[in-house]
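Notes for the structure review
Take a look at the letters that make up each chain.
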Amino acid sequence: MNRVRCLVFNAALGALDYRVPEGMAVEPGSVVVAPLGPRQIVGVVWESERLPATEVPEAKLRPLLQVLPVPPIAAPLRRLIEWCADYYVAGLASVARMALSSSAALRGGGTVTEYRLTGHEPARLTPQRAQALDLLNGQQGTIRELAEIAGVSDAVLRGMVNAGILEPVLVDSDRPYPAPDPRHAEPDLSAEQAEAAAKMVAAVEAHHFRPFLLDGVTGSGKTETYSEAIAAAIAAGRQVLVLLPEIALTESFLKRFEARFGVPPVTWHSSLKSSERRRAWRQVAFGQARVVVGARSALFLPFARLGLIVVDEAHEISFKQDDGVRYNARDVAVMRSAFESVPVVLASATPALESLQMAEAGRYERLVLPSRFGGATLPDIRVVDLREQQPPRGQWLAPVLVEALKDRLLRGEQSLLFLNRRGYAPLTLCRTCGHRFQCPNCSAWLVEHRLSRRLACHHCGHEIPPPDACPECGEKDCLVACGPGVERIADEVAHILPDARVALVTSDTLTSPAKAAEFVAQAEAKAIDVIVGTQLVTKGFHFPDLTLVGVVDADMGLEGGDLRAAERTYQQVAQVAGRAGRGEKPGEVLIQTRHPDAPVIEALASGDRDAFYAAETEARREANAPPFGRWAAIIVSSEDEAEARDAARAIGGTAPRLPDVLVLGPAPAPLSLLRGRYRYRLLINARRSTELQRVIREWLDPLRFAPGVRVAVDVDPYSFV
C-alpha cells in the first residue's frame, strides 16, 4: 500500500494520511514515526475504512519516517480500543495511548546502564550521601530512579559513582523471564473446587469466549481454583492476565503464585521502574511473558497469544478509573476476552450486583464455592448497638469489643480493626473560635495525620504542618481533632492494650509492594497482635491466627446518598469479616453500628446475602438504576467559577428531550472545588435500550466552550462527588 491512515496521539488532529516509502513494510497496527510540521510523532497505522479522515491529494502526502521495532497492535486490541472510545465517549487516541504505555519499549531492545551500591563506604560522608546509602541498600536502577528513591539530586549520585560508592551494571532490557511450570506443586482440590476448575480448564482448551463468575465465600480457595485454568493456558503455550485491584495485594499474590508455579509472574503497576516497564511491555508484546499480574492498566498491554483473563476481587471500585478515560476494567476485561475469543473469570466473594444479574440472565456462567476450604468455618457475626454499648467519652471502641481484644491478646491470637478512614481525624477545628481547616484547592476539610505531623487533603494532596496557633483568632494550643481515623483507633488500642504490638495498614503506610510484603511477613510470623486498617485489609490476606475482626463504624459507608452505598458497605464489611477464622481456630466478627435495623446490617448479621441482593435488585429496578437502566455523568470544570457555571448551563439548556432519557442538573458537584477547578455536574438516566452514547455525542459535539473549560463524560459512574 502506498497510502496509509495513522492514528496519531493528538486529539485535536484526528487521523492523518501518509505515504509509505519504497521498501518500507507496514500493516494495520504497525507503530510508526511520522512527520508533523517540524516535529516527529508516534502513530499507529489503522484501517482507513474504520477511521474517517479528510482525504489529502496523493502529491501532498508526506512519507512515514520509520516503523518502530515492535509487533503491530493486533486486531483484537484495536477493536477493543475502538469499543472503549465509543462506549466511554472518549477520544480514540486517548485510549490507544494506554496500549503504548512504555515509550522506551517502542525503540527496541538493547542494554540499559543501571547502578547499585558497591559496599564501599568512605570514612567521611556528606549528609545527602549518608541518606542515599541508607535508602539504596538492595536497590538497583538508573541514576534518575535511584535519586527519586533516595530523595537526593542526580548530581549527588553521580558524585557517588565517581567516588566508587555506586557501580554501573549493564542490563539486557530484553532478557527473558523464567517460565512458570504448570505441573509444579499441583494442589489437592475439594470436589467443589475441582468441578469449577474443570469447567474453566475446558474453556481455556477450547479457546472460546466464555465469561465465568467465580462466586465463592471468603476462604473457599478461589485463587487455587482459577489457578488450574492458568495452568491450562500455560500448558497450551498461551499468555494469562490476572488483574488485581490494589498494588498492596500484589506481593501476597506473588508468593502464592510462586509456590504454585515455581517462579513469580511478571508484574505491571505504577511502582515499576521505567526499565522494568520497558522489559515487561516488550516481553508481553513478543509473547515471552507468560503470566502478567497487574493493576487495571495491564488490560491494554499488547499480548501476543492471550489465552485467559482473570479479574480477582472483581467487585472492587478501584477497577473504575475516575480521570482520563473513565473506564471500568472489570467490564473492559470481559470485552477484551470477547474480542480475543478467550475465557474470562470474575472472582469475588461479594460480586457486584451487575455481575450477578448477568449470571441470572445467562450471560455469565456462575460457579459457586459455598464453603471454606479445608474444614475452616465461617466466623460468628454479632452486631454491637452503639446506642446501648456506648464507648467511654473520647473513645471509639465499645466495651464488648475491648474485652474481645483483650481476650485474643491473652490467647496469643490476632485481631483486626477496620475503619475506612485514613489519618488521625477527619476534621480539625479551633475550640476557641470554631475555625475549620479547609483545603484551599478543594471544597474539603484537611485531615489530620498525626504520625507524619501534617494536615492533608485526600483529594489534591495539599498539606501543611499543624500550626501552633489558630490562624483565625491567634489562640495557641486550641486545635482539637473531631472524629476518628485509623491512627486515632491505633492510639486507643495502644492505650487499652499497652503490651500489644499494633500495625497500622493504610495506603499511607503500605506505599509499595515491598512494604506490603514486609507487613505480611510480620503478620505471618505472629509479630503483630492487632492490625488497624482501611479497606486495604479487607481482601487478599490470609492469616490463620487472626480470629477477631472489629468493624469500628459500619454506618460510615451508608452516608452520602450514593447509588451503591448499601452494596459497597455490604461488600466491605463482608470482605473484612472474611479475614477472621481462616485457619483451624474459629473466628468472631463484631460490627459496631447505630443503625442495627438497617437492611444491610441485618443481612450481614444473619449471613443472608441472597436476601440482601434480592432487595437491592428490586430497589434498583424501581429506580431504573444499573443494571436495569443506564447512568452517565457530565462533569464541567474550570478555574473560573463563572465559566464553569455558564458552560454547565449551556449544556443543560440544550439537553435532549427524549421519552427514555432524564437529565438532572446542572448543579454544583458535591465536591464543587477540586484541585483548583470549580465543578458542575449533570446526571443522565436512560432506559437500557437507549443509545446513550450516541445521544451524548449528538448533544455535546455542536457546543463550544471557553478555552479554560473542560467537559468530561463518565459512563456508568461510580463516584457521584
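The structure reproduced in this document is the subject of the present report. Since the structure is predicted, the reported quantities are computational estimates derived from the model, not experimental observations. Along each chain, numbering runs from 1 in the same order as the chain's sequence is written. Local features are withheld for residues below a pLDDT of 70 in this predicted model, meaning they are given only at 70 or higher, and side-chain atom pairs are given and counted only at 80 or more; totals for whole chains, interfaces and linings count all residues. Heavy atoms throughout the structure, all of them, feed into the side-chain values; hydrogens and water do not.

**Quick look at the overall build of the protein**
Scanning the protein from terminus to terminus reveals 19 helices and 29 strands. Dimensions of the protein along its principal axes, counting C-alpha atoms only, are 85 × 75 × 65 Å. Evaluated residue by residue, the protein yields a buried proportion of 52% over its 721 residues. Here, two residues are considered to be in contact whenever any of their heavy atoms come within 4.5 Å of each other. Contacts in the protein between residues at least 24 apart in sequence constitute 76% of all its contacts with a sequence separation of at least 6. Numbering of helices and strands starts at the N terminus; helices are DSSP runs of H or I of at least 4 residues and strands are runs of E of at least 2. Working definition: with a 1.4 Å probe on protein chains only, accessible area under 20% of the residue-type maximum means buried, over 50% means exposed, and in between means partly exposed.

**What to know about the packing of aromatic side chains**
Side-chain rings of Phe, Tyr and Trp (the six-membered ring for Trp) are treated as a pair once their centres are within 6.5 Å; stacked means planes under 30 degrees apart, edge-to-face means over 60, and tilted covers the remaining angles. Within the structure shown, the criterion is met by 10 aromatic pairs. Centre to centre, the rings of tryptophan 83 and tyrosine 88 are 6.0 Å apart; their planes meet at 90°, and the pair counts as edge-to-face. With a centroid separation of 5.8 Å and 90° between ring planes, the pair formed by phenylalanine 519 and phenylalanine 543 is classed as edge-to-face. In this pair, phenylalanine 519 is assigned in helix H14 (residues 513-524) and phenylalanine 543 in the loop between strand E23 (530-533) and strand E24 (546-551), connecting sequence segments 24 residues apart. For phenylalanine 519, a relative accessible area of 6% translates into the label buried. In textbook terms, an aromatic cluster arises when at least three aromatic residues are bridged by ring pairs, as seen for Trp83, Tyr87 and Tyr88. Our definition puts a charge over a ring when NZ of Lys or CZ of Arg is within 6 Å of the ring centre and also within 35 degrees of the ring normal. For the cation-ring pair, arginine 279 lies above tyrosine 177, with the distance from its terminal atom to the ring centre recorded as 3.8 Å. A cation sits over an aromatic face here: arginine 450 above tyrosine 424, 3.7 Å from the ring centre.

**Remarks on the sheet that holds strand E14 (residues 365-369)**
For two strands to count as paired, DSSP must find a minimum of two bridges between them. The strand order E10-E11-E9-E12-E13-E8-E14 describes an open sheet built from 7 strands, whose pairing is parallel. Edge positions in the open sheet fall to strand E10 (266-268) and E14, since each of these has one partner strand only. Looking at each pair of strands side by side, their axes are set apart by 20° on average, direction ignored. Examined bridge by bridge, strand E9 (residues 239-243) and strand E11 (residues 291-294) share 4 bridges and lie parallel to one another. Looking at E11, one finds that valine 242 is bridged to valine 293. Here the axes come from fitting lines to C-alpha atoms, over the contacting stretch only for helices, and the angles between their N-to-C directions go from 0 to 180 degrees.

**So, the pairing of E24**
Of all 6 residues in E24, 6 are buried, a share of seventy percent or more. Across 5 bridges, the pairing between strand E16 (residues 414-418) and E24 is parallel. Pairing of leucine 417 across the sheet is with glycine 550, part of E24. Note that E24 and strand E25 (residues 588-593) share 4 bridges and pair parallel. When the sheet's bridge partners are listed, glycine 550 is paired in E25 with leucine 590.

**Notes on the sheet that holds strand E2 (residues 15-19)**
Working definition: the strands of a sheet are paired by backbone hydrogen bonds and lie parallel or antiparallel to each other. Spatial ordering of the open sheet is given by E2-E1-E4-E3-E5, a layout of 5 strands whose pairing is antiparallel. Because the sheet does not close on itself, it has two edges, and the strands there are E2 and strand E5 (66-67).

**Quick word on the pattern of salt bridges**
Here a salt bridge means any side-chain nitrogen of Lys or Arg lying within 4 Å of a carboxyl oxygen belonging to Asp or Glu. Tallying each qualifying case throughout the model produces 47 salt bridges. Arginine 411 is the salt-bridge partner of aspartate 407, the closest N and O atoms lying 2.4 Å from each other. The exposure class assigned to arginine 411 is partly exposed, which follows from its relative accessible area of 44%. Linking glutamate 588 and arginine 408 is a salt bridge whose minimum nitrogen-to-oxygen distance equals 3.0 Å. You can see glutamate 588 sitting in strand E25 and its partner arginine 408 sitting in helix H12 (residues 399-410), a full 180 residues away along the chain.

**A look at the environment of glutamate 492**
When you line up the elements, glutamate 492 lands in helix H13 (residues 486-496). Looking at glutamate 492, the relative accessible area reads 8%, which means it is buried. Once the C-alpha coordinates of glutamate 492 and glutamate 27 are considered, the two residues, 465 residues apart in sequence, prove to be 64 Å apart. Beyond its immediate chain neighbours, meaning those up to four positions away, glutamate 492 contacts Gln395, Trp396 and Leu397.

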